[in-house]
Amino acid sequence: MSEPEMDEMKKLLKEALPPVGESELRRDLWPAMLRHLDERTVRVPWWDWVLLAGVSLLMLFFPGVIPALLYHL
Amino acid sequence: MELLERFATGDVDAFEALFRQYQSEVFGWILRMVRNRATAEELTLETFWRMYRARARFDVTRGSCGGWLRRIATNVALDHLRRARPEVELAEDPPAAPKADLVHQSELRGAILRAIHGLSPRLRVAVLLALVEEEPYEDIAEALGISLNAVKVRVFRGVRILRKELERAGVHA
């Protein structure tokens, strides 16, 4: 592909998609970042909830396992 | 202790300082690839989150923090483009022109947008950064983690596909 062809494509692209260039951020994102950090760091994996529910059901239907569970904790 | 060293140990104040120093740069870089402000803000947060998670792996003795962040931001944007449907482009006011010209321009713009969205994300990003934003090829290579020649190949392949698509749509570049 020749240089003029490349330049023509560049011109067409720029007409359809004006360059963004140096675009200013309109707000400080730090407060949002802090929320993001809090959400991500305190999130409990779903399998932990499944495990907790399973153990709770086990204790509810078979109370006899409670001493065994306590022994292993 | 240096800011980066403190950040690597998990110091949130150091992270905040780095965030405030680089947030505009990261946002601007992502915006050039995704061309949507709200998405670029969201992906800026994701970039810093990935940086924070990987803090222990950052070697403070080699490479700049800006370069590292730009690499993460590029990966975040590419991941987004692979998942996402085409988004509305940043709108610019159309120049004053006769009505028939406006219709033609609108059709032309539509054809180009469809063609560019038809490219794979890695080719699209290379074409947008190199030809629309006119970023230096060296910077694009560093951000994509590929060689200078690989960038040139991606741009060339992208343009070749665009030309074919535009010819099919009746636009001759």
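Residues numbered from 1 in each chain as written. Chains lettered and ligands numbered in written order. Predicted model: local features only at pLDDT ≥ 70, side-chain atom pairs only at ≥ 80, totals over all residues.

A. Looking closely at the overall build of chain A. Helix and strand counts for chain A come out as four helices and zero strands. Starting at the N terminus and walking to the C terminus, you meet the elements of chain A as α-α-α-α. Radius of gyration (C-alpha) of chain A: 29 Å, far over the 11 Å computed for a compact globule of 73 residues. Over its C-alpha atoms, taken along the principal directions, chain A stretches across nearly 85 × 35 × 20 Å. Here chain A, with 73 residues, has 10% of them falling under the buried criterion. (Helix = DSSP H or I, 4+ residues; strand = E, 2+ residues; numbered from the N terminus. Rg over C-alpha atoms; globule rule 2.2 N^0.38 Å. Buried ≥ 20, exposed ≤ 12 C-beta atoms within 10 Å, placed from the backbone.)

B. Representation of the environment of Pro-31 of chain A within the structure. All names here are of chain A. Examined against the element boundaries, Pro-31 turns out to sit in helix 2 (residues 30–42). A tally of 9 C-beta atoms within 10 Å means that Pro-31 is categorised as exposed. With 31 residues separating them along the chain, Pro-31 and Phe-62 place their C-alpha atoms 47 Å apart.

C. Up close: the interface of chain A and chain B. Tallying the contact residues gives 24 residues for chain A and 31 residues for chain B. Elements represented by at least two residues in the side of chain A that touches chain B include exactly helix 1 (3–16) and helix 2 of chain A. No other element matches the eight residues that helix 1 of chain A contributes to the side of chain A that touches chain B. Here the residues of the side of chain A that touches chain B are counted per class, giving 16 nonpolar, two polar and six charged. (Contact = placed C-beta atoms within 7 Å. Nonpolar A, V, L, I, M, F, W, Y, C, P; charged D, E, K, R; others polar.)

D. Focus on unusual backbone geometry. All names here are of chain B. Phi is positive for Arg-35, close to 55°, though the residue is something other than glycine. On the secondary structure map, Arg-35 appears in the loop between helix 2 (12–34) and helix 3 (37–53). Phi is positive for Glu-134, close to 55°, though the residue is something other than glycine. Its place among the elements puts Glu-134 in the loop between helix 6 (121–132) and helix 7 (137–144). Overall, Glu-134 belongs to the exposed group, with 11 C-beta atoms counted inside 10 Å.

E. Geometry of the domain arrangement of chain B. Residues and elements named next belong to chain B. Splitting chain B by domain gives domain 1 (3–83) and domain 2 (99–168). Its C-alpha centre places domain 1 at a distance of 25 Å from the equivalent point of domain 2. The partner domain 2 presents eleven residues to the ten residues of domain 1 that form the contact. If you list the elements that add at least two residues to the side of domain 1 that touches domain 2, you get helix 2 and helix 4 (65–83). Grouping the constituent residues of the side of domain 1 that touches domain 2 by class yields four nonpolar, two polar and four charged. (Domains from an automatic or database assignment.)

F. Here's a closer look at the confidence of the model for chain A. Of all residues in chain A, 96% have pLDDT values of 70 or greater, and the mean over the chain is 86. In the model of chain A, helix 4 (residues 65–72) of chain A stands out as the element of lowest mean pLDDT, 85, in contrast to helix 3 (residues 46–61) of chain A, which has the highest, 89. (pLDDT = per-residue confidence, 0-100.)

G. Fine view of the confidence of the model for chain B. Residues and elements named next belong to chain B. Per-residue confidence for chain B gives a mean pLDDT of 86, with 86% of residues at or over 70. Within the model, the stretch residues 90–94 combines pLDDT values under 50 with five contacts to residues more than four positions away or in other chains. Both scores are given for the predicted complex: the pTM is 0.77, the ipTM 0.74.

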